[in-house]
Amino acid sequence: MNISDNTPEPQARIEIDSRVFNPFSPDFIRHPRETWQRLLREYPIAWHKELQMWIVNSHELCDKLLKNNQFTPSYRAWEFAPPEKSESEKNDFDRTFDHSLFVVSARDHLKLRKLTMPAFSKPVMGKIDAKIRDLVVECFDAIGDVAEFDVYEAIASKLPVRAIARMVGVPLGMEDFFHDFSVQVVKATRVNLSAKEREEAVQGTLPGLAYFKRTIAERRVAVHPGDDFIGSLVAASDGNDRLDDYDIMSIVLALITAGSDTATDLHTYAIHGLLSNPDQYRLLQQRPELMESAIIELLRWGSFGKVPFFRFATADAVVGGQLIKKGQAIGVNVSAAWHDPQKYQDWDRLDIQRNLAGNIVFGAGAHFCIGTFLVRVQGGLMISEFIKRFPNAELANGDGDLDYDYKHHNARRIVRLRVNTNRKAQQRAA
Ligand code: HEM
C-alpha cells in the first residue's frame, strides 16, 4: 500500500533521535514551535530511534494516515504488544477496556460509533448544555470579584470532570466519587507506569465500574430507560445490534480518558491564546458568532498535545517514501501538522477568522472526536462567561506567570496561568 502518490518505491530509512524531537524535554514543552518547524521542513516522516516508532509530521501525511483504516489505534496490532490475559484473569476494567473504541476491530468500532450516535443527538445534548451552563456560572461565582486569579486552579482543574459527570448523569452527591474514579481511569490507561502502579490504578477503577454496572442494570429493567445519556445508550439499537454493559462502560471510560485531560487544557490554552492576542480577544467580544471557529483556532494555535497519537500498521505500507512495516508503531504528530506552512499561511498567527476547512484539530476518519459537542458547549460557555465578567483582563506580569507540569504524560499541561482581571479599573470607569 502506498499513501504518498509521488514516491512509489521506498527510499532509505530517514532517522531522527531525541536531539531532533524530545516531547518530554522542558525546552520543547516551553518552546515547541521551532522543533515543529524543523520536523516539517526536514522530516515529514522519520523513524525515531529512541522512541522506536515512526513520527509523521506533515499535515498531508497525518490527514491521510488518520483516514486510513490500515493504521489502527489498537495496540494489539503492535509488534511488541504484551500477551493478552486469559478470560479467567480478567476483571471488569480489562473487559471494559477490551470493548474500547481504541481497541476493538474496525467493524466493531463502526458498530459502537453507530449505536452511540443517539446519545450525542441534539435533544440529549441540549439537556446537558443546560446542566453545564449552571456549572460554569457556579465556577465564576466562586472566583468572585478578585483582582487576580489562576485560570488553572479556578477553572481548568475544576470544570472538565464535573462536566463529564453531568454528561453521564452522575448524581450531584456523587461528584467526588466520580472524580476519584476518573483519576484512577486516566492513570490506569497511561503508558508510562510500572506494573504495580497500573494494578493499583486498575483496582481503583473497580468501585466506579460497579456503580455504572448497577445503574445500567436498573435502566434495563425500568419501564423506560430514560432519555438522558445512559438511557439513550441502553435503548440504542440497529437491527439486532445492541450495546452490552461493557460497551456502555467503555464509552463512559472513553469520555473520561479522551475528554477530561483535553478539556482541562482547552480552558487554559483558550484564555492564554486570547489574552496573549488582545486584538483577537477584542474581536471575539465584538463578534461572539465567531466562537465556534475561535475555539478550533485556539486549539490549533496552542497545540497542547506533546505526544503524538498512536497508530499501528496492520500491513506493510509506503508512506511519504518510507517503508512502514506491519506491526510498527506510528506517532501521528498532529501538533506539528497544525503548524504546517503548507496548510496554514501565517501558521504562527492566532486568527479566529481563519479558513479552517480541512482541519484535523479533532482528528479525521473513523476515530474523529466524539466529544466535539461538549468541547463547543463547555469551551463556548466558559469563554463567554470570562468575557462577560473580565472584558479587560490581561495576563498577569505579561506572561501570566505561566508554568507547566513537565512530567505530564501526554500534554504540555499548563498548571499556572495568572490573570489580572482589571475589575477595579473597570468599576472605577463605570
Ligand atoms: C478539548 C479538546 C479536544 C480535542 C482537541 C480533541 C481531539 C481529538 C482527536 C484529535 C481525536 C482523534 C484521536 C485519534 O485519531 O487517535 C479525538 C478522539 C476522541 N475524542 Fe476528542 N478531543 C477533545 C475533547 C474531547 C472531549 C471533551 C471528549 C469527551 C467528552 C472527547 C472524546 C473523544 C473520544 C471518545 C475519541 C475517540 C473516538 C474514537 O476512537 O472513535 N474529546 N479527540
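Up top you'll find the structure we're talking about.
Residues numbered from 1 in each chain as written. Predicted model: local features only at pLDDT ≥ 70, side-chain atom pairs only at ≥ 80, totals over all residues.

(A) Region of the structure containing the overall build of the protein chain. Along its length, the protein chain carries 17 helices and 15 strands. At 22 Å, the protein chain has a C-alpha radius of gyration in line with the 22 Å of a compact globule built from 430 residues. By residue count, 40% of the 430 residues in the protein chain fall in the buried class. Considering only residue pairs separated by 6 or more positions, the protein chain has 76% of its internal contacts joining residues 24 or more positions apart. (Helix = DSSP H or I, 4+ residues; strand = E, 2+ residues; numbered from the N terminus. Rg over C-alpha atoms; globule rule 2.2 N^0.38 Å. Buried ≥ 20, exposed ≤ 12 C-beta atoms within 10 Å, placed from the backbone. Contact = placed C-beta atoms within 7 Å.)

(B) Spotlight on the site of the ligand. With respect to spatial proximity, 24 residues lie near the ligand, and among them Ala 258, Gly 259, Gly 363, Cys 369 and Gly 371 are the closest. When residues in the shell around the ligand are grouped by element, the largest group, 7 residues, is from helix H12 (residues 245-275). Taken together, the residues that form the shell around the ligand break down as 18 nonpolar, 5 polar and 1 charged. (Near = placed C-beta within 6 Å. Nonpolar A, V, L, I, M, F, W, Y, C, P; charged D, E, K, R; others polar.)

(C) Summary view of the packing of helix H9 (residues 175-188) against H12. At a closest axis distance of 9 Å, the pairing of H9 and H12 adopts a crossing angle of 85°. As summarised for this structure, H9 and H12 are arranged roughly perpendicular, according to the angle between their axes. Across the interface between the two elements, Ser 182, Val 185 and Val 186 from H9 touch Leu 253, Ile 256, Thr 257, Ser 260 and Asp 261 from H12. Tallied by class, the residues present in the contact of H9 with H12 amount to 4 nonpolar, 3 polar and 1 charged. (Axes fitted to C-alpha atoms, helices over the stretch in contact; angles between N-to-C directions. Parallel < 35°, antiparallel > 145°, perpendicular 65-115°, else oblique.)

(D) Representation of the nonpolar core. Formed by 75 residues in total, the largest nonpolar core has its most connected members in Val 168, Val 252 and Val 419. With 16 residues, the single largest contributor to this core is H12. Non-local contacts of Val 419, meaning those with residues more than four positions away in its chain, are made with Glu 148, Phe 149, Val 151, Ile 271, Leu 275, Ala 393, Leu 395, Ala 396 and Gly 400. (Core = buried A, V, L, I, M, F, W, Y, C linked by C-beta atoms within 7 Å.)

(E) The arrangement of the sheet that holds strand S12 (residues 394-395) in detail. Strand order in this open sheet of 3 strands is S5-S15-S12, and the pairing throughout is antiparallel. With one partner strand each, in any of the chains shown, strand S5 (148-150) and S12 form the two edges of the open sheet. The sheet contact formed by S12 and strand S15 (residues 418-420) spans 2 bridges and is antiparallel. The residue bridging Glu 394 from the neighbouring strand is Asn 420, located in S15. (Pairing = 2+ DSSP bridges.)

(F) Structural detail: H9. The end-to-end C-alpha distance of H9, which contains 14 residues, comes to 20 Å, matching closely the 20 Å that a straight helix rising 1.5 Å per residue would cover. When H9 is considered as a whole, its buried residues turn out to be Phe 178, Phe 181, Ser 182, Gln 184, Val 185 and Ala 188. Structurally, H9 contributes buried residues whose contacts are with helix H4 (92-98), helix H8 (159-167), helix H10 (195-221) and H12. (Expected span 1.5 Å × (residues − 1).)

(G) Quick peek at the packing of H8 against H9. Direction vectors running N to C along H8 and H9 enclose 110°, while the axes themselves pass 10 Å from each other. The angle between H8 and H9 places the two elements in the roughly perpendicular class. In terms of crossing hand, the pair formed by H8 and H9 is right-handed. Contacts between H8 and H9 pair Val 161, Arg 162 and Ala 165 from the former with Glu 175, Phe 178, His 179 and Ser 182 from the latter. Split into classes, the residues belonging to the contact of H8 with H9 amount to 3 nonpolar, 2 polar and 2 charged. (Left-handed = near helix turned anticlockwise from the far one by under 90°.)

In short, shape yes, function no, at least from these values alone.
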